[in-house]
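Close look at the chain arrangement
If you want the building blocks of each chain, they are given just below.
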Amino acid sequence: MKKNSKIAVIGCTGKSGKYLVRALLKEGYKLKALVRNPEKDSSESHLLEVVHGSVSDFTALQALLKGCEAVISTLGMGVPPSEPPIFSTSPRHVLR
C-alpha cells in the first residue's frame with residue numbers, strides 16, 4: 001500500500017489498536033481513527049486524523065471511511081466486555 005493512501009482504523013484506543021497506530025505512524029502512513037471516548041484521544045501526529053463516534057453509529061463510520069483506501073479493525077472484547085452486537089454491527093456498517 002502506498003504511504004500517501006489513508007487507512008481507517010477501528011479500535012485504535014485498545015491495547016492492540018494503540019500498538020498498531022504507533023507502528024503505522026512510525027512508518028509514515030496516514031491514518032484516520034475512530035475514537036468513541038474523546039478523553040482517550042491523545043493524538044499528536046500530523047498523519048493522524050481523529051473522528052469521534054461509535055462503531056455502532058453508521059454516520060460516524062461513514063465519516064471515518066470517507067477518503068480511506070483500507071480499513072483495519074482491532075476491536076476486542078474490552079473492559080468491561082463490549083456487547084456482542086458490536087462485532088456483527090460494525091462490519092455490516094463498513095460494508096454498507
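Scroll up to find the structure this text is about.
One structure accompanies this document, and this report is about it.

Summing up its helical and strand segments, the chain has three helices and four strands in all. The 96 residues of the chain split such that 35% are buried. Relative to all contacts within the chain whose residues are 6 or more apart in sequence, the contacts with residues 24 or more apart total 54%. Within the structure as shown, the chain displays about 6200 Å² of accessible surface, and the carbon and sulfur contribution to it stands at 54%.

We now examine helix H2 (residues 58-65). Within H2, the full set of buried residues consists of Phe-58, Ala-60, Leu-61 and Leu-64. Projected down its long axis, H2 carries its buried residues within an arc of 160°, all on one side. Positive phi appears at Gly-67, one or two residues downstream of H2, with a value of about 85°.

Another aspect to go through is the pattern of salt bridges. All told, the structure shown has two salt bridges when counted by the stated rule. Salt-bridge contacts for Glu-49 lead to Lys-6; the nearest nitrogen and oxygen are separated by 2.9 Å. Pair noted here: Glu-49 is in strand E3 (residues 48-52) and Lys-6 is in strand E1 (residues 6-10), with a separation of 43 residues, a long-range link. We classify Glu-49 as partly exposed; its relative accessible area is 34%. When salt bridges that share partners are traced, they join Lys-6, Lys-32 and Glu-49 into one network.

Rules used in this analysis
Residues numbered from 1 in each chain as written. Predicted model: local features only at pLDDT ≥ 70, side-chain atom pairs only at ≥ 80, totals over all residues. Heavy atoms only, no water. Helix = DSSP H or I, 4+ residues; strand = E, 2+ residues; numbered from the N terminus. Buried < 20%, exposed > 50% of the residue type's maximum accessible area, 1.4 Å probe, protein only. Contact = heavy atoms within 4.5 Å. Areas by Shrake-Rupley, 256 points an atom, 1.4 Å probe, with all protein chains shown as cover. Arc of directions from axis to C-beta. Salt bridge = Lys/Arg side-chain N within 4 Å of Asp/Glu carboxyl O.

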